[in-house]
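Residue-level structural notes
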Amino acid sequence: MAAGVTFLSSGAVLVLEIVGLRLIAPYVGITLQTNTAIIGFALAAIAIGAWAGGAAADRRDPRQLIAPLMVAGGALVVAVLPLVRFAGSVLTGADAGSVLLLAAVAVVVPAALLSAVPPMVVKLQLASLADTGSVVGKLSGIGTLGGIAATFVTGFLLIAVFPSSGILVGTGLVTVVAGIAVWVLLRRSSGQAGRLPAALLLLAVAGSLLAAVAPTPCEEETAYHCARVVADPERDTGRVLVLDTLRHSYVDLADPTYLEFEYVRAIAAVTDVLAPPGEALSALHLGGGGATVPRYLAEVRPGTTSRVLEVDPGVVEIDREQLGLETSADLDVRVGDARVGLAAEPAAERDLVVGDAFGGLSVPWQLATVEALESVDRALTDDGVYVANLIDHPPLSFVRAELATMRQVWPHVLLLARAPVLAGEDGGNLVAVASSRPLDEAALADALLAQDSTWQVASSEEVAAFAGDARVLTDDAAPVDQLLTPYGAPGS
């Protein structure tokens, strides 16, 4: 019983930690700060619970506390789901306050209660001081094994099969049932099980009922995101792909040349000047989203071959089922990390590489470094172009660092954005364009106008001045989330 209780209590805390991140992501996004907050609060709860549990075990018979703590902890694991969803409707946004508050709501109390159980079990197992080391070491190891098992089973299996809500409710109810079973066994064996308040059982039931009716922004849960497709009320065939808190892609089901987002029109303008009109290109897309740009290229440049590297299989499924994506030999979608996919690309075959991958508001750090950009350059032909969607707000520290990093790889780097953004007075989307040969800036400006865009072109010289002495990002040092000023969205 001691081993089972320790294993389950420790495992439930790790399930809560992993799923808690997914639970708060639809409201505050997925950033390094979000991960840090969840992990930090989980560790704090474990420390508080273990300390308090050990102290309580010295003052009162642990047999009277273990079952109530398990039932209370399990009930609160269930209750966390509606609590976060109701709180998330108010605490929305990537600011530090919202992130910290939602993370605390998601993990602290249930994790602390469940973490108080193992030291109480240790107390009961200590028959003599001579056995202290072996008992503490054994149960500590069992608790760690429970956390490891929960981590791998949740990350590799449960999240792929069940929604986050189902995992949380299931984990909570299993813990509640186990607590009741422990109470019954202790009561029969020693008569020292104490009371099991009915209010705790009612909390588990009420939490389950509230979980069923709590508001959720998710239409579908993918392996990485809370996703939904929203119809454009002003355009019958327009659809917006929303991932967590962000409008990631706009797709017109009837007209692939209709580009709603300004940054997409800027990317399209770059593709328009790469070759004579109608000439096919070979393109690689880092990040899929709604596959708006690959569809545009297929329409305006028949015969173009595009390969899309998208890390989230759920997004690809949504593209096919709700956004009308049809893959073929000319439009190939591969599921996997874009950095890994880059390493497998043949050298000097791509006329165009489009970087439009985001983890929350930031470009995944592994795609922003010199080493990653060197892989992009290797995949490009001598006349090929890399175009990247970036997001930042004043003081634009991330964009400056990324431009400095690009300038380490390519001699010619341009920047496309609204005038206030280029002036450092505002933020939002910016599009960086890098190449080994100079691009015709006047032709690019004309292409932007043709795409009904008011964005301007900053020359290589202006980009050099704009980047200034910003740090160059490397695989060894790429603090992307810390450099970024998080306000806005990819579709802004």
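Residues numbered from 1 in each chain as written. Predicted model: local features only at pLDDT ≥ 70, side-chain atom pairs only at ≥ 80, totals over all residues. Heavy atoms only, no water.

So, the overall build of the chain
A count of helical and extended segments in the chain gives 18 helices and twelve strands. Looking at the 492 residues of the chain, the share that counts as buried comes to 51%. Taking the contacts inside the chain whose residues are at least 6 apart along the sequence as the reference set, 76% of them involve residues at least 24 apart. Only carbon and sulfur atoms are counted for the fraction: they give 60% of the accessible area of the chain, which is about 20,400 Å². (Helix = DSSP H or I, 4+ residues; strand = E, 2+ residues; numbered from the N terminus. Buried < 20%, exposed > 50% of the residue type's maximum accessible area, 1.4 Å probe, protein only. Contact = heavy atoms within 4.5 Å. Areas by Shrake-Rupley, 256 points an atom, 1.4 Å probe, with all protein chains shown as cover.)

Focus on empty space enclosed by the protein
Considering all chains together, one arrives at four cavities of 30 Å³ or more under this definition. Considering only enclosed or pocket space, the largest cavity measures out at about 110 Å³ in volume. By residue number, the principal contributor to the lining of the largest cavity is helix α1 (residues 2–28), which donates five residues. Of the residues assigned to the lining of the largest cavity, the class counts are nine nonpolar, three polar and four charged. If you go around the second largest cavity, the residues you meet are Leu 286, Gly 355, Asp 356, Ala 357, Val 363, Leu 367, Tyr 386, Ala 388, Asn 389, Leu 390 and Glu 402. No other element matches the four residues that strand β9 (residues 380–392) contributes to the lining of the second largest cavity. The class makeup of the residues in the lining of the second largest cavity is seven nonpolar, two polar and two charged. (1 Å grid on protein atoms, 1.4 Å probe; cavity = no way out; pocket = protein on both sides within 12 Å on 5 of 7 lines; lining within 4 Å. Points joined across faces, edges and corners; volume = space filled by probe spheres on them. Nonpolar A, V, L, I, M, F, W, Y, C, P; charged D, E, K, R; others polar.)

Some words on the pattern of salt bridges
Inspection of the entire model under this criterion finds eleven salt bridges. Note that Arg 350 is salt-bridged to Glu 345, the shortest N-O span being 2.9 Å. Exposure class is identical for Arg 350 and Glu 345. Each is buried. The salt bridge partner of Asp 426 is Arg 418, with a shortest N-O separation of 3.1 Å. When its relative accessible area of 30% is taken as the criterion, Asp 426 is described as partly exposed. What makes Arg 418 partly exposed here is its relative accessible area of 27%. Salt bridges sharing partners connect three or more residues here, namely Arg 307, Asp 332, Arg 334, Glu 345 and Arg 350. (Salt bridge = Lys/Arg side-chain N within 4 Å of Asp/Glu carboxyl O.)

A word on the environment of Leu 203
Here Leu 203 lies in helix α8 (residues 198–213). On a C-alpha basis, the gap between Leu 203 and Val 71 in space is 9.4 Å, while along the polypeptide they are 132 residues apart. Leaving out residues up to four positions away in the same chain, Leu 203 has contacts with Ala 75 and Leu 76.

Observations regarding the sheet that holds strand β3 (residues 238–243)
Across the sheet, four strands lie side by side as β1-β2-β3-β4; this open sheet has antiparallel pairing. Of all the strands in the sheet, just β1 (220–221) and β4 (246–252) have a single pairing partner and so form its edges. (Pairing = 2+ DSSP bridges.)

As for the sheet that holds β9
Reading across the sheet, the eight strands line up as β7-β6-β5-β8-β9-β11-β10-β12 and stay open at both edges, with mixed pairing between neighbours. The sheet terminates laterally at β7 (331–335) and β12 (456–458), the two strands that pair on one side only. Shown here is a sheet whose adjacent strand axes are inclined to one another by a mean of 20°, direction ignored. With respect to the sheet, helix α13 (residues 370–379) is in contact with β5 (282–286), β8 (350–355) and β9, its orientation differing from that of β9 by roughly 140°. Each of β9, β10 (412–417) and β11 (428–435) is contacted by helix α14 (residues 397–409), which is oriented at about 170° to β9, the strand it contacts most. (Axes fitted to C-alpha atoms, helices over the stretch in contact; angles between N-to-C directions.)

Re the confidence of the model for the chain
The predicted model of the chain averages 91 in pLDDT, with 97% of residues at 70 or higher. Segment residues 488–492 is flagged for pLDDT under 50; beyond a separation of four residues in sequence, or across chains, it makes 20 contacts in the model. (pLDDT = per-residue confidence, 0-100.)

Some words on the layout of surface pockets
Roughly 320 Å³ of internal volume is contained in the second largest pocket. Forming the walls of the second largest pocket are 18 residues, and the residues nearest its centre are Ser 10, Ile 46, Ser 115, Pro 118 and Gly 143. Tallying contributions element by element places helix α6 (residues 132–161) first for the lining of the second largest pocket, with six residues. Tallied by class, the residues present in the lining of the second largest pocket amount to ten nonpolar, eight polar and no charged.

Regarding the pairing of β9
For β9, a buried count of ten out of 13 residues is recorded, marking the element as mostly surrounded by other parts of the structure. Two strands pair when backbone bridges link them, and β8 and β9 are joined in this way by five bridges, in the parallel orientation. By the bridge assignment for β9, Gly 355 is matched with Ala 388. Judged from the eight bridges that link them, β9 and β11 form a sheet pairing that is antiparallel. Along β11, the bridge assignment pairs Leu 390 with Leu 430.

A look at the packing of helix α9 (residues 262–272) against helix α10 (residues 292–300)
One can describe the packing of α9 onto α10 by two numbers: an axis separation of 11 Å at closest approach and a directional angle of 40°. As for how α9 packs across α10, the hand of that crossing is right-handed. Contacts between α9 and α10 involve Val 264, Ile 267, Ala 268, Thr 271 and Asp 272 on the former and, on the latter, Thr 292, Val 293, Tyr 296 and Leu 297. Taken together, the residues that form the contact of α9 with α10 break down as six nonpolar, two polar and one charged. (Left-handed = near helix turned anticlockwise from the far one by under 90°.)

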